[in-house]
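Spelled out from the first residue to the last, the chains are:
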Amino acid sequence: MSISIDKVFGVFDEALTLRAKRGEILASNMANADTPNYKARDFDFRAALEQAQGKGGGLQTTHAGHLKGEPAGPMTTNQRHLTGSGGELTGIDLQYRVPSQASLDGNTVDTETEKGRFAENTLQYQAAFGFLSSKIKNIKDILAEG
Amino acid sequence: MSLFKIFDIAGSGMSAQSLRLNVTASNLANADSVSSSVDQTYRARHPVFSAMLSDETGKDQAGVPVRVDGVVESQAPLHPLYAPDHPMADAQGYIYMPNVNVIEEMTNMISASRSYQNNVDILNTSKQLLQATLRLGE
């Protein structure tokens, strides 16, 4: 019997990564609150999480022993080539936020909205982190008892 | 980890807003700096911000830092003041006042300090999240 670590962590692994990415986007919105013609961005977290889960790492597998394709990054022909990561969002549908007020310089960032969403995102990050942490502790306890 | 990039982004926001505060302070300090010629009079300065998109086009980027492209001088017309007794009056008795709008500068100052505080909040929150993440599983 093999333990699949991916199944133990379940959805929280992906959730944590996506929450961090969303925090990055919201921080970028706040930092550019005075930049002319900057449009506020965000993405639908639920849809992105479902997409990440549905891909399951690239392919749906029927057995734990099957190989899963890895998402993200371009193919590399040599092990020493760098794979793209971090900067681009692979598979996340970035959308534009609808502005509540018109502005002279084309900037659509509403600081209060962004602050609220950033605070909510932080709490969700802490929640996902708490769940993940407790699962890791469970595994450690089980291993320690053995 | 994406959270590290937030330090770059919030840091760039903080430095841009502090430059904006500097420029505002300079404008307010020189609001009464008269001179006798149009060319030498102080003109109000404004910073120009732009989003620092990376050079690869066509890719949606998660975090976009802000960049100060430069500081431009306002081209609004100067106010000539008729004051023949002023020591700096020119041949016709005019002195030129800078085109600094004090009310506009005060609102700029409030907006810049508010944005600066927001960026500091984001930085602190992300730092706490990262510190907690480092203790994952303990």
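Cut-off values and rules
Residues numbered from 1 in each chain as written. Chains lettered and ligands numbered in written order. Predicted model: local features only at pLDDT ≥ 70, side-chain atom pairs only at ≥ 80, totals over all residues. Heavy atoms only, no water. Patch = residues over 30% accessible without salt bridge, like charges linked within 9 Å, V, L, I, M, F, W, Y side chains within 5 Å. Areas by Shrake-Rupley, 256 points an atom, 1.4 Å probe, with all protein chains shown as cover. Salt bridge = Lys/Arg side-chain N within 4 Å of Asp/Glu carboxyl O. Helix = DSSP H or I, 4+ residues; strand = E, 2+ residues; numbered from the N terminus. Buried < 20%, exposed > 50% of the residue type's maximum accessible area, 1.4 Å probe, protein only. 1 Å grid on protein atoms, 1.4 Å probe; cavity = no way out; pocket = protein on both sides within 12 Å on 5 of 7 lines; lining within 4 Å. Points joined across faces, edges and corners; volume = space filled by probe spheres on them. Nonpolar A, V, L, I, M, F, W, Y, C, P; charged D, E, K, R; others polar. pLDDT = per-residue confidence, 0-100. Contact = heavy atoms within 4.5 Å. Expected span 1.5 Å × (residues − 1). Core = buried A, V, L, I, M, F, W, Y, C linked by side-chain atoms within 4.5 Å. Buried area = accessible area lost by both parts, 1.4 Å probe. Polar contact = N/O pair within 3.5 Å; in protein donor to acceptor, adjacent residues only side chain to side chain.

The next subject is a nonpolar patch on the surface. Residue and element names in this part refer to chain B. There is a patch of nonpolar side chains on the surface, built from Val102, Met106, Met109 and Ile110 and spanning about 330 Å² of accessible area. On the secondary structure map, Ile110 appears in helix H2 (residues 102-134). Here Ile110 falls in the exposed class, since its relative accessible area comes to 54%.

With that out of the way, let us pick up the layout of surface pockets. In this model, the second largest pocket occupies a volume close to 740 Å³. Around the second largest pocket, the lining comprises 31 residues; the ones closest to its centre are Ala33, Asp34, Asp105 and Asn107 of chain A together with Arg20 of chain B. Mapped onto the lining of the second largest pocket, the elements with two or more residues apiece are helix H1 (2-29), strand E1 (45-51) and H2 of chain B. Per element, the largest residue contribution to the lining of the second largest pocket is six residues, and it comes from H2 of chain B. Of the residues in the lining of the second largest pocket, the class split is eleven nonpolar, 13 polar and seven charged.

Here we take up unusual backbone geometry. Residue and element names in this part refer to chain A. Phi angles above zero are rare outside glycine, and Asn37 is one such case at about 65°. Structurally, Asn37 can be placed in the loop between helix H2 (12-31) and strand E1 (41-42). In this structure Asn37 comes out as exposed when scored by relative accessible area, which is 58%.

Let us now look at the confidence of the model for chain A. Residues and elements named next belong to chain A. In this model, chain A carries a mean pLDDT of 78, and residues with pLDDT of at least 70 account for 73%. Looking over chain A, one finds the lowest element-wise mean pLDDT in helix H1 (residues 5-9), namely 76, and the highest in E1, namely 92. Counted against residues more than four places away or in other chains, residues 56-60, with its pLDDT under 50, gives twelve contacts.

In this section: H2 of chain A. In this model H2 of chain A runs 28 Å from its N-terminal to its C-terminal C-alpha over 20 residues, within 8% of the 28 Å that 1.5 Å per residue would give. Burial analysis of H2 of chain A places 17 of its 20 residues in the buried class, which makes it a mostly covered element.

A word on the nonpolar core. Core analysis: the biggest nonpolar cluster contains 29 residues, and Leu16, Leu18, Phe43, Phe45 and Tyr125 of chain A together with Leu3 and Ile122 of chain B have the highest contact counts within it. The greatest single-element share of this core, amounting to nine residues, is contributed by H2 of chain A. Residues within four places of Leu18 of chain A in sequence aside, it is in contact with Phe43, Phe45, Ala48, Leu49 and Ile92 of chain A. One finds Ala33 and Tyr38 of chain A together with Ala51 and Val64 of chain B within the second-largest nonpolar core, a separate group that totals six residues.

Contacts between the two partners involve 35 residues from chain B, matched on the other side by 32 residues from chain A. Counting the surface lost from both chain B and chain A, the interface buries some 2800 Å², and carbon and sulfur atoms represent 62% of this. Remark: the boundary between chain B and chain A carries three salt bridges. Between Asp121 of chain B and Lys115 of chain A there is a salt bridge whose closest N-O contact spans 3.0 Å. At the junction of chain B with chain A, the criterion picks out nine residue pairs in polar contact (both at pLDDT 80 or more). Within the residue set of the side of chain B that touches chain A, elements represented by two or more residues are H1, E1 and H2 of chain B. Per-element accounting of the side of chain B that touches chain A gives the leading share, twelve residues, to H2 of chain B.

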